[in-house]
Amino acid sequence: MRAMILAKLGPLDENPEPLTLAELPVPEPRPGEIRLRVAACGVCHTELDEIEGRTPPPRLPVVLGHQAVGRVDALGSGVQGIREGDRVGVPWIYSACGRCKYCRAGNENLCPWFQATGRDVDGGYAEFMTVPAAFAHPIPEIFSDVQAAPLLCAGAIGYRSLKLAGLQDGESLGLTGFGASGHLVLKMVRHRFPHSRVYVFARSAGERAFARELGAVWTGDSTDEPPEKLAAIIDTTPAWGPVVAALQHLEPGGRLVINAIRKEERDKDALLRLDYPRDLWLEKEVKSVANVARSDVREFLALAAESRLESEVQELPLAAANQALRELKARKIRGAKVLRLSSPG
Ligand SMILES: [Zn+2]
Ligand SMILES: [Zn+2]
């Protein structure tokens, strides 16, 4: 099968072609696993964190990709509840132990044995992949393969971020960064919290214009002052400056949720500008969002289907994965980038 593999870590600036197209054996599903023929796989900013070593894969080479959609084409022994031909999606959560205190409490995203698709095991930048049957999710009929892919990470983690932000209808929400996740959060908020106003802080003029098209009431750069203080802000940037700026924009009791698996080091000194009375006092909260649980994925897919949530996608062939990653790094984004592996079926 064809796959884009990562064999060596390093900065994208030094190696703009980190993935190479390779011919690999088609994987066999083990007991309890299914194999899917991948039709589409979303491209996520986390892939840059893997390639550049901020969340390094434990073994190389590895096939990246954790927003895979495809049809089941083989079953390992003992699999029940899924049949060949079913259409399923595989998100970032590939497996968790099921026994630790986090798993037992439904927080399998915090499990110490959490395994991530496309980092700890081979993912969806390939024509086939295997996954434990219990960690594959049926895709609602209304979505095409390409439409469904970004829902699996950008959408599901956006949903979890919004839950952690504790937004109530009518409260104002800020989004810093406006990529695949941000644009889905904005659409979700407009559906679920119709009286909430959404403010978008983004560096690129393209992202700001796109946010206004989708209904943001105000857009600016991360250091611009919004016309009102905000109840919650979700940060999806790779940098620290926007975090410090966001804290200044929160109202008393406001919540900042950082949705980034890792932050880059280059502007870390921005943290020295933190001013306690201005930025943290009056019970402001800072929380990160880590991974996703299966319940986030399933709840979000149901919600997305019910509200007919449409992702704005840019489709590319598998072999263009490096180009997609370079554009992501340069923030040449409009919605979500998705690799297409086979013709629609
Ligand atoms: Zn992701
Ligand atoms: Zn566990």
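Got a sec to walk through the coordination of the zinc ion (ligand 2)? Specific residues and values, please.
Around the zinc ion (ligand 2), the protein contributes the donor atoms Cys-97 (SG), Cys-100 (SG), Cys-103 (SG) and Cys-111 (SG), which lie 2.3 to 2.4 Å from the metal centre. In this structure, the zinc ion (ligand 2) is surrounded by four donor atoms whose angles at the metal cover 106 to 115 degrees, and the resulting shape is tetrahedral. Along the chain, the residues donating to the zinc ion (ligand 2) fall in the pattern C-x2-C-x2-C-x7-C. Remark: Cys-111 occurs in the loop between helix H2 (101–104) and strand E8 (115–116) and Cys-97 occurs in the loop between strand E7 (93–95) and H2; sequence separation between them is 14 residues. When its relative accessible area of 17% is taken as the criterion, Cys-97 is described as buried.

Would you mind going over the coordination of the zinc ion (ligand 1) in detail, with residue names and values included?
Only Cys-44 (SG), His-66 (NE2) and Cys-153 (SG) from the protein reach the zinc ion (ligand 1) as donors, at distances of 2.0 to 2.2 Å. Along the chain, the residues donating to the zinc ion (ligand 1) are arranged with the sequence spacing C-x21-H-x86-C. With a gap of 109 residues between them, Cys-44 in the loop between strand E3 (33–43) and helix H1 (45–51) and Cys-153 in the loop between helix H3 (145–148) and helix H4 (154–165) connect regions that are remote in the sequence. Side by side, Cys-44 and Cys-153 carry an identical accessibility label, which is buried.

Got a sec to walk through a nonpolar patch on the surface? Specific residues and values, please.
Residues Tyr-276, Trp-281 and Leu-282 make up a contiguous nonpolar surface patch of about 370 Å² in total accessible area. Tracing the backbone through its elements, the reader meets Trp-281 in the loop between helix H8 (276–280) and strand E16 (285–288). Under the relative-accessibility criterion, Trp-281 is labelled partly exposed at 49%.

Outline the sheet that holds strand E4 (residues 62–63), supporting the account with residue identities and numerical values.
Taken in spatial order, the three strands make up an open sheet running E2-E1-E4, and their pairing is antiparallel. Where the open sheet ends on each side, the last strands, each with one partner, are strand E2 (19–23) and E4. Bridging between strand E1 (residues 2–6) and E4 involves two bridges; their strand directions are antiparallel. Opposite Leu-6, over in E4, you have Val-62 as the bridge partner.

Explain the packing of aromatic side chains residue by residue, including any values.
Overall, the coordinates contain five aromatic pairs when judged by the stated rule. When the centroid spacing of 5.8 Å and the interplanar angle of 70 degrees are considered together, the rings of Phe-178 and Phe-210 count as edge-to-face. Note that Phe-178 is positioned in the loop between strand E11 (173–176) and helix H5 (180–192) and Phe-210 in helix H6 (residues 205–213), a separation of 32 residues in sequence. Like Phe-210, Phe-178 is buried. Between Tyr-276 and Trp-281, the aromatic rings sit 6.5 Å apart at their centres with planes inclined by 50 degrees, giving tilted as the arrangement. Ring-pair connections join several aromatic residues into one group, and the members of that group are Tyr-199, Phe-201 and Trp-218. For Arg-294, the ring lying beneath its charged end belongs to Phe-135, and the centroid distance is 3.8 Å.

Could you give an account of the sheet that holds strand E13 (residues 218–220), with specific residues and numbers?
Spatially, the six strands line up as an open sheet ordered E13-E12-E11-E14-E15-E16, and their pairing is parallel. Strands with a single pairing partner mark the edges of an open sheet, and in this sheet they are E13 and E16. Within this sheet the neighbouring strands show an average axis-to-axis angle of 15 degrees, counted without direction. In this sheet, strand E14 (residues 230–235) lies alongside E11 in parallel orientation, the contact comprising four bridges. Of the residues in E14, the one forming a bridge with Thr-176 is Asp-235.

Definitions and cut-offs
Residues numbered from 1 in each chain as written. Chains lettered and ligands numbered in written order. Predicted model: local features only at pLDDT ≥ 70, side-chain atom pairs only at ≥ 80, totals over all residues. Heavy atoms only, no water. Donors = N, O, S within 2.8 Å, 3.2 Å for Na, K, Ca; no water. Tetrahedral: all angles 85-135°; square planar, octahedral: opposite > 155°, others 65-115°. Helix = DSSP H or I, 4+ residues; strand = E, 2+ residues; numbered from the N terminus. Buried < 20%, exposed > 50% of the residue type's maximum accessible area, 1.4 Å probe, protein only. Patch = residues over 30% accessible without salt bridge, like charges linked within 9 Å, V, L, I, M, F, W, Y side chains within 5 Å. Areas by Shrake-Rupley, 256 points an atom, 1.4 Å probe, with all protein chains shown as cover. Salt bridge = Lys/Arg side-chain N within 4 Å of Asp/Glu carboxyl O. Pairing = 2+ DSSP bridges. Phe/Tyr/Trp six-rings, centres within 6.5 Å; stacked < 30°, edge-to-face > 60°. Lys NZ or Arg CZ within 6 Å of the ring centre and 35° of its normal. Axes fitted to C-alpha atoms, helices over the stretch in contact; angles between N-to-C directions.

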